[in-house]
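# Overview (structure and organization)
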Amino acid sequence: MKRSILALLVALALLAAACGDSSGGDSGNESAEGSSDGGNQSCAVADLSLFAPGRLTVATGEAVFPPWMMDDDPTNGQGFESALVYALADRMGFTRDDVDWVRTGFDQAIAPGTKPYDFNIQQFSITPDRDEVVDFSIGYYKVKQALIAYDNSPVIQATSLGDLADTKLGAAIGTTSLSYIEDFIKPSTPPAVYDTNADAKAAMDANQVDGLVFDLPTAYFITAVEIPDASIVGVLPAMSDNPEELGMLFEQDSPLVPCVNEALQSLIDDGTVASLEEQWLNQGGDIKTLSK
Amino acid sequence: MNSESPVSHGPPRLTGERGAGGIGHRWKELKVQDGARGALIAFFSTVVVFGVVTWVILSSSTWPAVRRQFFSVRHLREVWPAVWGGFALDVKMFIVAEVLILAFALLVAVIRSLRGPAFFPLRMLTIVYIDILRGIPLILLILILGFGVPALTLPGVPNDPVFWGVTALVISYSAYTSEVYRAGIESVHESQRSAARALGLTQWQALRFAILPQAVRNVVPALLNGLVSLQKDVALVSILGVREAVREAQIYNARTFNYTGLIAAAILFLIISVPAARFTDWYTARERRLRGGH
Amino acid sequence: MDEAKLRVRDLRKSFGSKVVLDGIDLDVAEHQLVCLIGSSGSGKSTLLRCVDLLEPIDSGSIWIDDEEITAPYVDPNAVRRRIGIVFQSYNLFPHMNVLDNVTLGPRRAHGIDRESAERRARELLERFGLADKVLVYPDQLSGGQQQRVAIVRALAAEPELLLLDEITAALDPELIAEVLDVIRDLKGQGLTMLLATHEMGFARDIADVVCFLDQGRILEQGPPSEIFSHPSEPRTRQFLERIIDAGRL
């Protein structure tokens, strides 16, 4: 008995020592994000350090949803993110056939370590915390949140965030939607968190939640196709001057980032991104925006 | 004349205080020395082994990244309140589930052990229940009950995921636990039953006063093992979206890509499960000692 | 002539294909002590268990006073309340102390209140030299003490008939005497008893009737003076000779 207590104390002491070291270390970034070796890095395909030389290997989710990708098939170029990737590949000098797709789960994507692909596109929001672990491209879409509910839900009449204070809301795990609920709506009951949109829908069907928050494009799609009986209550107001943006996710310190950013910026500048957004993400119609 | 009776030394004593001879004294010395030396050796070897392992880990090149991802003090501070609060829910679910399991499983085991043709349908029912509930993986059962039943939106049926998660745990674990009880009941010798019936007690009275007290006592170690296992399986309810410790850690992880919350949750679980396991070992050894007496 | 307390008529019992009781006819009069002797497997234990309705019988009948206890509508629990039985391996309840062991039957099966049950229990325990063991647990008693407690337990509810199944067979020799003394005492009190035993000397001393069981039948019965000194059946003689050779008589 005495010996095992002794062993435990020694182990705890060592553990404390190990953790104690880190408090100085991780308040700043370990390495500058995506810094290039110099401003003159060549972005020709032959010079890029790719996972598979000469090919662009792109990862996306295990089951991908409209309007980001259609028919669960990234290769068809349909859907905002699929189209964006092919436009990006083209801008960087790849042909359509040079693009390979890989599927990963969300957890695999965010795990540290080397990745079996060049970048991952899956509606990842760029946040400083995440930036310490992975690298992001520049943003390709500014996120707006929307609230959906069934017509008989108490939430359907809401016109301001204050109206939502006593409701039970839900959102998918790891999304800006969830952060929005927790940071800005702050309802008295903590929001329910789901692993997939399907689970969230099941919960709403079972009356376990009054309403769900999704990014606006996803909300459009869900109310149009998946839960036609639900409707968008409204767009949730932007709460800061820097709305969150979606970015492509890279391994930390990936040398690809500057070249991808260069291509992406040119797509933004010449309006390609805007027109893709118009084509896939805007469903038109007048949706009210809730007040703060 | 002195008629002293010879002094009786009684049976030879090994640990003689004033030495029933040289052998006893030396043996006692050896025992003390062994104890102290043993402890000293254990201490130093522990320090050396842990020291080497720690040094190897700390000096590896991936350690800083791992430390940041898994053992970050800053993230720990941020995620701790949520994980701690979630753990309180785990503990509550565990206590409620365990009480219900112990009771329900006993009921099932008793029904299964009833004798007489009149009880045949009930016995069949329990066998079917046990087979099905032991045959379905617990996680599947939780999903079926936690998502499936609320989806039916039957009137009067609760749709709270905590309720269905705990229900799934209870009916699944009860199937296993009832078999533990049954083993206990069968381990009580048939002659005990005869003795009880011979006093004029009914089947129920015999069970209640003679058989079950012994049966339960016989299987306490197995019941404790089930308890230790349940305490961890409670975390499975997280897949229903219930915000207990694991789920909170996952949520934090998904938001920040940092795993420290998971380590925090693991530590909280260990704080309960390790003492519980040690207690089980101690209790089992004690029972063996007490029973081995004859 | 005394009223027969216990009557067994043509009792038959088999376990599967093995015939254990092959037509037993037996009378035990009130206040009598009847001893069953015979080799192992001759059916003594089974006969006792059948009388106490612990085993279902195949055919035949058993009567206590004027009541046929093997009739289908009879409540076996009620019957067992009237009969006490002591087993070879004592079968005390290990999770209860001596007092609880003895009072369990009276309190739960007979509905006697705790105080009265405990009072009677203490009286009996004192009578049989176990007064200081009242709160002790069975595993702390010697075999002889445990068997005496088992006897007290069987007596606690004042049975009309006491069955004893080789109660000294599991005891060390030096402990047998104290148990046999208890039986002597009970005989002195006039309790009706049916006793299966290997202790031939004891049987010869104390029995009113000795029955020799052989292969499921009562081959011979009579007063001990007859059976032990002038057995008429050859198998009885064989059996007794074996016993004498083994130094048990």
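This text gives an overview of the structure that appears in the document.

Quick notes on the rules
Residues numbered from 1 in each chain as written. Chains lettered and ligands numbered in written order. Predicted model: local features only at pLDDT ≥ 70, side-chain atom pairs only at ≥ 80, totals over all residues. Helix = DSSP H or I, 4+ residues; strand = E, 2+ residues; numbered from the N terminus. Buried ≥ 20, exposed ≤ 12 C-beta atoms within 10 Å, placed from the backbone. Contact = placed C-beta atoms within 7 Å. Core = buried A, V, L, I, M, F, W, Y, C linked by C-beta atoms within 7 Å. Pairing = 2+ DSSP bridges. Axes fitted to C-alpha atoms, helices over the stretch in contact; angles between N-to-C directions.

### Observations concerning the overall build of chain A
When helices and strands are counted, chain A shows 10 helices and 11 strands. The buried share of chain A, taken over its 292 residues, is 43%. A separation of at least 24 residues holds for 74% of the contacts in chain A among residues at least 6 apart in sequence.

### Topic: the interface of chain C and chain B
Chain C puts 18 residues into the contact, and the matching count from chain B is 17 residues. Going through the elements one at a time, α2 (76–82) and α3 (98–109) of chain C are the ones with two or more residues in the side of chain C that touches chain B. When residues in the side of chain C that touches chain B are grouped by element, the largest group, four residues, is from α3 of chain C.

### Considering the nonpolar core
Counting residues in hydrophobic clusters, the biggest one holds 216 residues, and the most contacted among them are Ile148 of chain A together with Leu194 of chain C. If you tally residues by element for this core, the top one is helix α3 (residues 73–113) of chain B, at 14 residues. Here Leu194 of chain C is in contact with Leu6, Val28, Val34, Leu48, Val51, Leu161 and Leu163 of chain C, once residues within four sequence places are set aside.

### Section: the environment of Arg112 of chain B
Residue and element names in this part refer to chain B. Relative to the helices and strands, Arg112 is located in helix α3. Here the alpha-carbon distance between Arg112 and Ile127, two residues 15 residues apart in the chain, equals 7.4 Å. Non-local contacts of Arg112, meaning those with residues more than four positions away in its chain, are made with Arg123, Thr126, Ile127, Ser178 and Arg182.

### A look at the sheet that holds strand β8 (residues 192–194) of chain A
Strand pairing in a sheet takes place through backbone hydrogen bonds and is either antiparallel or parallel in direction. All names here are of chain A. Judged by pairing direction, the sheet is mixed, and its five strands sit side by side in the order β8-β7-β9-β6-β10 without closing on themselves. The sheet is open, and its two borders are formed by β8 and β10 (230–236), each paired with just one other strand. Along the sheet, successive strands turn relative to each other by an average axial angle of 30°, direction set aside. By the bridge criterion, three bridges tie strand β7 (residues 169–172) to β8 in an arrangement that is parallel. Within the sheet, the bridge partner assigned to Gly170 lies in β8 and is Ala192. Against the sheet, helix α6 (residues 176–185) engages β6 (145–150), β7, β8, β9 (211–215) and β10, with an angle of about 145° to β7. Packing against the sheet, helix α8 (residues 216–226) makes contact with β6, β9 and β10, and its axis sits at approximately 125° to β9.

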